[in-house]
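# Topology and contacts: notes
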2 protein chains.
Amino acid sequence: MTGGASSSCGACKFLRRKCTTECVFTPYFCYSQGAQHFSAVHKVFGASNVSKLLMKIPMQNRSEAAISISYEALARMQDPIYGCVAQILALQQQVSQISLP
Amino acid sequence: MTGGASSSCGACKFLRRKCTTECVFTPYFCYSQGAQHFSAVHKVFGASNVSKLLMKIPMQNRSEAAISISYEALARMQDPIYGCVAQILALQQQVSQISLP
């Protein structure tokens, strides 16, 4: 957001850098678990890839994108083999079971 | 797998490098669309991150991991805002609708 380390966003806290007004991550990782979630995002996607991805998305959609990216990253940390695809497979199975006559 | 460009895996074809026996991607991107899928994987996750991720997974689970990673990458290319999380949300909605009394 601005100046000192205490007001750094979760991404800058994790990257141990000064958060500036140009920081693309600030609006999306400024919450208590921001640094923890960004740590997963960084490990799975890489800060640079996520920064590029966010910059290509219209401003009004970046928050949703950051949430879905964090979600995928945390799922991949928890389940390195299937990530959030495990949830898709489980839900597909649930739908097919419920839909059975 | 071995030697020349013609036998390179999809990852090495995309990265324009010689495929060696040490290539971690070979078993998982050796199919007709391997290079195209790896292009998405590289753009979304980065080759280095995926290589690290695969190396940490037991050999017998790497194929499944590569499939789920490719799936996530292709979904993110198609829907930069929600990626495959869009499918989770749609399936959750479907389950809640079907489950309604």
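In the block above lies the structure referred to throughout.
Quick notes on the rules
- Residues numbered from 1 in each chain as written.
- Chains lettered and ligands numbered in written order.
- Predicted model: local features only at pLDDT ≥ 70, side-chain atom pairs only at ≥ 80, totals over all residues.
- Heavy atoms only, no water.
- Contact = heavy atoms within 4.5 Å.
- Buried area = accessible area lost by both parts, 1.4 Å probe.
- Salt bridge = Lys/Arg side-chain N within 4 Å of Asp/Glu carboxyl O.
- Helix = DSSP H or I, 4+ residues; strand = E, 2+ residues; numbered from the N terminus.
- Nonpolar A, V, L, I, M, F, W, Y, C, P; charged D, E, K, R; others polar.
- Axes fitted to C-alpha atoms, helices over the stretch in contact; angles between N-to-C directions.
- Parallel < 35°, antiparallel > 145°, perpendicular 65-115°, else oblique.
- Buried < 20%, exposed > 50% of the residue type's maximum accessible area, 1.4 Å probe, protein only.
- Arc of directions from axis to C-beta.
- Core = buried A, V, L, I, M, F, W, Y, C linked by side-chain atoms within 4.5 Å.
- Phe/Tyr/Trp six-rings, centres within 6.5 Å; stacked < 30°, edge-to-face > 60°.

## So, the interface of chain A and chain B
Taken residue by residue, the interface counts 31 residues in chain A and 31 residues in chain B. Counting each side, the surface lost to burial between chain A and chain B is near 2,700 Å², with a carbon and sulfur contribution of 65%. There are 2 salt bridges connecting chain A and chain B. Between R76 of chain A and E72 of chain B there is a salt bridge, with its nearest N and O atoms 2.5 Å apart. Looking at the side of chain A that touches chain B, the elements with two or more residues in it are α2 (34–44), α3 (47–56), α4 (62–78) and α5 (85–99) of chain A. Of all the elements, α5 of chain A adds the most residues to the side of chain A that touches chain B, at 9 residues. Taken together, the residues of the side of chain A that touches chain B break down into 16 nonpolar, 10 polar and 5 charged.

## Quick notes on the packing of α4 of chain A against helix α4 (residues 62–78) of chain B
At their nearest, the axes of α4 of chain A and α4 of chain B sit 13 Å apart, and the two run at 180° to each other. Considering the angle they form, α4 of chain A stands roughly antiparallel to α4 of chain B. Contacts between α4 of chain A and α4 of chain B involve A65, S68, I69, E72 and R76 of chain A on the former and, on the latter, A65, S68, I69, E72 and R76 of chain B. When the residues that make up the contact of α4 of chain A with α4 of chain B are grouped by side-chain class, the tally is 4 nonpolar, 2 polar and 4 charged.

## Quick word on the environment of G34 of chain A
Residue and element names in this part refer to chain A. For G34, the location among the structural elements is in helix α2. The class for G34 is buried, based on a relative accessible area of 0%. In this structure, the C-alpha to C-alpha distance between G34 and I88, residues 54 residues apart in sequence, is 25 Å. In contact with G34, other than residues within four places in its own chain, are G10 and F29.

## Comments concerning α3 of chain A
Buried within α3 of chain A we find A47, N49, V50, L53 and L54 of chain A. The buried side chains of α3 of chain A occupy one side of the element, clustering within an arc of 160° when seen end-on. In α3 of chain A, the exposed positions angled more than 90 degrees off the buried face are occupied by M55 and K56 of chain A. Buried-residue contacts for α3 of chain A involve α1 (10–15), α2 and α4 of chain A together with α2 (34–44) and α4 of chain B.

## Some remarks on the nonpolar core
The nonpolar side chains of a soluble globular protein tend to be buried with one another. Among the nonpolar cores identified, the biggest contains 48 residues, and F25, F45 and L54 of chain A together with F25, F45 and L54 of chain B are the most heavily contacted of them. Among the elements of the structure, α1, α2, α3 and α4 of chain A together with α1 (10–15), α2, α3 (47–56) and α4 of chain B are those that each provide at least two residues to this core. Beyond its immediate sequence surroundings of up to four residues, F45 of chain A is in contact with V50, I69, E72 and A73 of chain A together with V44, F45 and N49 of chain B. Counting 10 residues, the second largest nonpolar core, distinct from the first, contains A75 and L91 of chain A together with A75 and L91 of chain B.

## So, the packing of aromatic side chains
This structure, assessed with the given rule, holds 9 aromatic pairs over all chains. Between F29 of chain B and F38 of chain B, the aromatic rings sit 5.2 Å apart at their centres with planes inclined by 85°, giving edge-to-face as the arrangement. Here F29 of chain B and F38 of chain B have matching classes, each one buried. Taken together, the ring pairs in this structure connect F14, F25, F29 and F38 of chain A into an aromatic cluster.

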